[in-house]
Amino acid sequence: MQRLRRLRRTRALRDAFAETQVRAGALIYPVFVCAGSGVKEEVPSMPGVFRYSADNLSEVVDAVLSAGIAGVMLFGIPARKDECGSGAYEEDGVVPQAVRAIRALLRARGGEFLIVADICLCEYTSHGHCGVLKDGDVDNDASLPLHARAALAAAKAGADMVAPSSMMDGVVGAIRATLDGAGYAHLPVMGYSAKFASVFYGPFRDAADSAPQTGDRKSYQMDFRNGREALREIAADESEGADVVMVKPALAYLDVVRAARAQTRLPLAVYNVSGEYAMVKAAARAGLLDERRTVDEIFTAFFRAGADLVITYHALDWARWRREGV
Ligand code: PBG
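Residues numbered from 1 in each chain as written. Predicted model: local features only at pLDDT ≥ 70, side-chain atom pairs only at ≥ 80, totals over all residues. Heavy atoms only, no water.

Undergrad: Can you help me understand helix 7 (residues 228-239) in this one?
TA: Residue pairs spaced three or four apart in an α-helix point in one direction, given the helix's 3.6 residues per turn. With twelve residues, helix 7 should reach 16 Å at 1.5 Å per residue; the first-to-last C-alpha distance of 17 Å fits that figure. All buried positions along helix 7 are accounted for by A230, E233, I234 and D237. Mapping the buried residues of helix 7 onto a view down its axis gives an arc of 95°, with all of them on the same face. Residues of helix 7 that are exposed and point over 90 degrees away from its buried face: R228, R232 and S239. (Helix = DSSP H or I, 4+ residues; strand = E, 2+ residues; numbered from the N terminus. Expected span 1.5 Å × (residues − 1). Buried < 20%, exposed > 50% of the residue type's maximum accessible area, 1.4 Å probe, protein only. Arc of directions from axis to C-beta.)

Below, the structure is given as structure tokens:
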């Protein structure tokens, strides 16, 4: 008889034949940076996640270093917003300031991890859309040079990688051309290639104060009914020179992750988004699920589906639990 239980009988057997490994070094922790000084405030919809001002990041840097995770991804919350999202591409904007502060802390600690800058306008526009508006819709081509300027500002501040998240057509190519022309040909671009218009971004918009004032993001983010189109988005980013591609959100999109894995040879990231985090936190707080085992099972599923890198608010917790041997 086929006895598949033979290799499951003891922990040693199970460990020896486990097909999937989760590594701290393949996790990225998103960090919200805001204007001001001495700020650390919890995001109400995301327990355990905070907004920090650029001068107050030493606690995060130390936690990321001791977690041994790959790095951080920065999101900026500016003091002021305007129609064209100028805060996104000011050379002294919140993200460039945070990049410089983290670089200085890393130098002081003699440590290293990746500093990734998210590139988008939605946190900086008064209307909350991811590009500039024309006749009530986002003007794709007028928004491209603004994204390229934002990427260049992050590069000049010392970011290791930029990640455009607005789902503008051609944004990876526009950023690539600008970086190449400015002496940053070595800087990788991670495209948010297949990013779906999703209810799961709700808590992030609370954290970043970036909910659209009118309408929604369905004219630029993907329709979640479409899997094949996600593969076209990934192919488009690849042809524009993306170094890493992404699927976002993660949990309800593992079929897309699996298909993307089969299509591209590029490294593949998945973004385990704010709403996915908030659901786990709420269930754990209500005593309905064991948080550690839930997060571990979810992470394992991402890697089993084919992800190389996971961007997740659980990163520090997971690494700590792993160190403590749970
Ligand atoms: C847009 C951006 C969003 C997220 C990352 N980049 C929000 C959106 O598209 O509305 C969401 C991340 C999350 O939910 O954790 N710049």
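Undergrad: Got a minute to help me understand the packing of aromatic side chains in this structure?
TA: Each aromatic ring pair is described using two quantities: the centre-to-centre distance and the angle formed by the ring planes. Taken as a whole, this structure holds twelve aromatic pairs when the rule is applied. Seen in terms of ring centroids, F50 and Y52 are 6.2 Å apart; in terms of plane orientation they differ by 50°. Their pairing is tilted. Overall, the relative accessible area of 7% leaves Y52 in the buried class. Aromatic side chains F75 and Y271 sit 6.5 Å apart centroid to centroid with 50° between the ring planes, which places their arrangement in the tilted category. One end of the pair, F75, is in strand 4 (residues 71-77); the other, Y271, is in strand 11 (residues 268-272), with 196 residues separating them in the sequence. Judged by relative accessible area, which is 3%, F75 ranks as buried. For Y271, a relative accessible area of 1% gives the class buried. Joined through ring pairs, the aromatic side chains of F32, F75, Y192, F204, Y271, Y277 and Y313 make up one cluster. Taking the ring centre of Y201 as reference, the NZ or CZ of K248 above it sits at 4.5 Å. (Phe/Tyr/Trp six-rings, centres within 6.5 Å; stacked < 30°, edge-to-face > 60°. Lys NZ or Arg CZ within 6 Å of the ring centre and 35° of its normal.)

Undergrad: Please explain the pairing of strand 12 (residues 309-312) as it appears in this structure.
TA: On any regular strand, side chains alternate: one points to one face of the sheet, the next to the other face. Burial along strand 12 is two-sided: L309 and I311 facing one way and V310 and T312 facing the other are all buried. The pairing of strand 1 (residues 27-34) with strand 12 spans two bridges and is parallel. Looking at strand 12, one finds that L27 is bridged to V310. Note: strand 11 against strand 12, four bridges, orientation parallel. Bridging from a neighbouring strand, V270 pairs with V310 of strand 12. (Pairing = 2+ DSSP bridges.)

Undergrad: I tried to follow the state of the cysteines on my own but got confused; where do I start?
TA: Covalently bonding the sulfur atom of one cysteine to the sulfur atom of another cysteine gives a disulfide. In total, this model carries zero disulfides according to the counting rule given. Not part of a disulfide, C84 finds its nearest cysteine sulfur in C120, a span of 14 Å. (Disulfide = S-S within 2.5 Å.)

Undergrad: I tried to follow the site of the ligand on my own but got confused; where do I start?
TA: Around the ligand sit 18 residues, and of these R205, Q221, K248, S274 and Y313 come closest. Between the ligand and the protein, one listed contact pairs a nitrogen atom with a side-chain N or O atom of K248 at 3.4 Å. At 2.7 Å from an oxygen atom of the ligand is found a side-chain nitrogen or oxygen belonging to S274. When the ligand is considered free in solution it has 400 Å² of accessible area, and contact with the protein chains removes 100% of it. Class assignment of the residues belonging to the shell around the ligand gives a composition of nine nonpolar, three polar and six charged. (Near = heavy atom within 4 Å. Polar contact = N/O pair within 3.5 Å; in protein donor to acceptor, adjacent residues only side chain to side chain. Areas by Shrake-Rupley, 256 points an atom, 1.4 Å probe, with all protein chains shown as cover. Nonpolar A, V, L, I, M, F, W, Y, C, P; charged D, E, K, R; others polar.)

Undergrad: What is the right way to look at the packing of helix 10 (residues 291-305) against helix 11 (residues 315-323) in this model?
TA: Packed helices, taken two at a time, are described by the angle their axes make and the gap between the axes. Where helix 10 contacts helix 11, the axes come no closer than 10 Å and their chain directions differ by 105°. Put simply, helix 10 runs roughly perpendicular to helix 11. Packed against helix 10, whose contacting residues are E291, R292, V295, D296 and F299, the element helix 11 presents D317, W318, W321 and R322 at the interface. Residues of the contact of helix 10 with helix 11, tallied by class, amount to four nonpolar, no polar and five charged. (Axes fitted to C-alpha atoms, helices over the stretch in contact; angles between N-to-C directions. Parallel < 35°, antiparallel > 145°, perpendicular 65-115°, else oblique. Contact = heavy atoms within 4.5 Å.)

Undergrad: Explain the nonpolar core to me, please; I cannot follow it from the model alone.
TA: One broad trend across soluble globular proteins is that nonpolar side chains are buried collectively. Ranked by internal contacts, the top residues of the largest apolar core, which has 88 residues, are I69 and V162. V116, M161, V244 and Y271 belong to the second-largest nonpolar core, a separate cluster that totals 29 residues. (Core = buried A, V, L, I, M, F, W, Y, C linked by side-chain atoms within 4.5 Å.)

Undergrad: Help me understand the pattern of salt bridges, please; the structure alone is not making it clear to me.
TA: Close approach of charged atoms allows side chains with opposite charge to pair. For the structure shown, the criterion picks out 17 salt bridges. With its nearest N and O atoms 2.8 Å apart, the salt bridge here joins R100 to D92. On the basis of relative accessible area, D92 is assigned to the exposed category, the value being 51%. Across the salt bridge formed by D223 and R225, the nearest N and O atoms sit 2.7 Å from each other. (Salt bridge = Lys/Arg side-chain N within 4 Å of Asp/Glu carboxyl O.)

Undergrad: What am I meant to see in the side chain of N272 here?
TA: Structurally, N272 is set in strand 11. With relative accessibility at 2%, the residue N272 sits in the buried group. Of note is the side chain of N272, whose polar atom sits 2.9 Å from the side chain of E276. Polar contacts involving the side chain of N272 include one to the side chain of T312, which spans 2.9 Å. If we skip the residues at most four places from it in the chain, N272 touches A250, F299, F302, V310, I311, T312, Y313 and H314.

Undergrad: I would appreciate a short explanation of a positive patch on the surface in the present structure.
TA: Taken together, R3, R5, R6 and R8 make up a surface patch of like positive charges. Examined against the element boundaries, R5 turns out to sit in the segment before helix 1 (11-16). Among the residues examined, R5 registers a relative accessible area of 68% and is labelled exposed. (Patch = residues over 30% accessible without salt bridge, like charges linked within 9 Å, V, L, I, M, F, W, Y side chains within 5 Å. Lys, Arg positive; Asp, Glu negative; His and termini not counted. Charge placed at Lys NZ, Arg CZ, Asp CG, Glu CD.)

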